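Chain by chain, the residues:
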Amino acid sequence: MSLVLAVNAGSSSLKISLFRRSADNAANPALLLSSSTSSIFTPPARFKLSFVALQHRSLSEEVDSIYDHESAFKHFLHRLKEEASIDTTDIKHIAHRVVHGGDYISPVVIFEESYHHIKKLSDLAPLHNGSALSVISSAIKALPHAKSIAFFDSAFHKDLPTHVATYAINQQVAHEKGLKKYGFHGLSYAFILRAVAAHLNKAPDTLNIIALHIGSGASMCAIRNGQSIDTSMGLTPLSGLPGATRAGDIDASLIFHYTSRSPAHMSHDPSISKEVKVTEAEDILNFKSGWKALTGTADFKEITEKADTSVLSDPISRTADPNTLAFRIMLDRILHFAGAYHLALHGNVDALVFAGGVGERSAELRRAVGEAVACLGFAVIDETKNIQVNDDEGIIVDIGKGDGRKRMLVCHTDEQLEMAIECSLANEFWV
């Protein structure tokens, strides 16, 4: 058999799917099994393994011996051999999701040079690139016969217009240091594009959509004729929408006042200012901000359960409730980008598409966004369809009332499947 292992390393999780490639139908690799490991750094980790090809059998367990991504990957291989009787020599390729690829604009086989290039970019994607490298090292050691291939989230945005990708800073410095907008969540956007095109029976290169990947990391993307023309994340995944622990867009000078020794007010007095190192600033803005800083929880479901989400009844809110505030901040930032992208697409939009853990599960957020964008000609949300999204087994769920206007869709995105498809279709990897 020709098997493809698709590996998606998150900041504290590891998702792995095993696919069988058929030479006669490379565009549709068959899913054999999938696994997820969560709470990696707070043992016991939670491990789940589901066998799609074996009567949908599954197992769940808590594992004390998992304490990092490398041990999580080793546990998966142990369970793969023990529970599925898979001969690991049949695994020909391992597709690794890597968030930041820098100047890499297509998948690359991992050799010493490409490994060190990805390692150098870890500071630009501190929540993800490091964990991906850990799994890549483990995979090369455990499965030396298999070809490890890096698939980059940033590659989807390789065709961003120059004026969109360029920051208004000294361009000599920018070019020397690679300081520009890269964009992320590209594997998810590639899958969304592929799935929506099939759903609407349109060629991908004719499709115009506004896509929202909303999870603990959140971003948006404007896609025209199948290409990314703008996206909310930038040089790093920090910019744009707020996330579970990320601040999103802020005034660049805020971090200096945030860390100032002045207890109550902003000041440029050098006696109370503090030297802020890049690592400290990134730690605050990547790990100590976002919804969790506002509410005390990174769980957006918990936030929406406590928040007042009836936005249209009180459009100018002065709420002091932290959960309502967090919900409205998220909504405000989404609408900011949705409006800008609608203009960038000249109003010619086939669909607005929700994806990601929050985008796929939060009926409240979809409802609030839908109410706001209806004035732009998007279909009015059908509330019955909206609250039953998770009961629908389809990849794409149309939650609009079907009045022929711009569609409101939910996509159950699958980055592992997207990697498996791209890997299966790339003939150069199978020579």
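Residues numbered from 1 in each chain as written. Predicted model: local features only at pLDDT ≥ 70, side-chain atom pairs only at ≥ 80, totals over all residues. Heavy atoms only, no water.

Per an unreviewed UniProt entry, the recorded name for the chain is Probable acetate kinase, and the organism is Suillus plorans. Taken directly from UniProt, the Pathway (unreviewed entry) text for the chain runs: "Metabolic intermediate biosynthesis; acetyl-CoA biosynthesis; acetyl-CoA from acetate: step 1/2." According to the UniProt record, the Catalytic activity (unreviewed entry) comment for the chain reads "acetate + ATP = acetyl phosphate + ADP". (UniProt positions renumbered as here; feature names shortened; annotations may be inferred.)

## Structural notes on a nonpolar patch on the surface
The grouping of I250, L254 and Y258 at the surface amounts to a nonpolar patch, some 280 Å² of accessible area in total. Tracing the backbone shows Y258 in helix α7 (residues 254-258). Residue Y258 is classed as exposed on the basis of its relative accessible area of 52%. (Patch = residues over 30% accessible without salt bridge, like charges linked within 9 Å, V, L, I, M, F, W, Y side chains within 5 Å. Areas by Shrake-Rupley, 256 points an atom, 1.4 Å probe, with all protein chains shown as cover. Salt bridge = Lys/Arg side-chain N within 4 Å of Asp/Glu carboxyl O. Helix = DSSP H or I, 4+ residues; strand = E, 2+ residues; numbered from the N terminus. Buried < 20%, exposed > 50% of the residue type's maximum accessible area, 1.4 Å probe, protein only.)

## What to know about unusual backbone geometry
With omega at 0 degrees, the peptide bond leading from P43 into P44 counts as cis. Considering the arrangement of structural elements, one finds P44 in the loop between β3 (30-38) and β4 (45-51).

## Comments concerning the environment of N225
Following the sequence through the fold, N225 ends up in the loop between β10 (218-224) and β11 (227-231). Each C-alpha atom of the pair N225 and L409 lies 18 Å from the other, and the pair is 184 residues apart in sequence. Setting aside residues no more than four positions away along its own chain, N225 makes contact with P204, D205, T206, L207 and N208. (Contact = heavy atoms within 4.5 Å.)

## Some details on the side chain of H93
Among the structural elements, H93 can be located in strand β6 (residues 91-98). In terms of polar contacts, H93 uses its side chain to reach the backbone carbonyl oxygen of F429, at 2.5 Å. (Polar contact = N/O pair within 3.5 Å; in protein donor to acceptor, adjacent residues only side chain to side chain.)

## Focus on the nonpolar core
Counting residues in hydrophobic clusters, the biggest one holds 39 residues, and the most contacted among them are I210, I214, M220, I334 and M408. Counting residues per element, the ones that place at least two in this core are β9 (209-214), β10, α10 (300-306), α11 (322-344), β12 (351-355), α13 (363-373) and β14 (407-411). With eight residues, α11 is the largest single contributor of residues to this core. Not counting residues up to four positions away in its chain, the partners in contact with M220 are Y189, I210, A211, L212, D230, T231, S232, L241, I334, F337, A338 and Y341. (Core = buried A, V, L, I, M, F, W, Y, C linked by side-chain atoms within 4.5 Å.)

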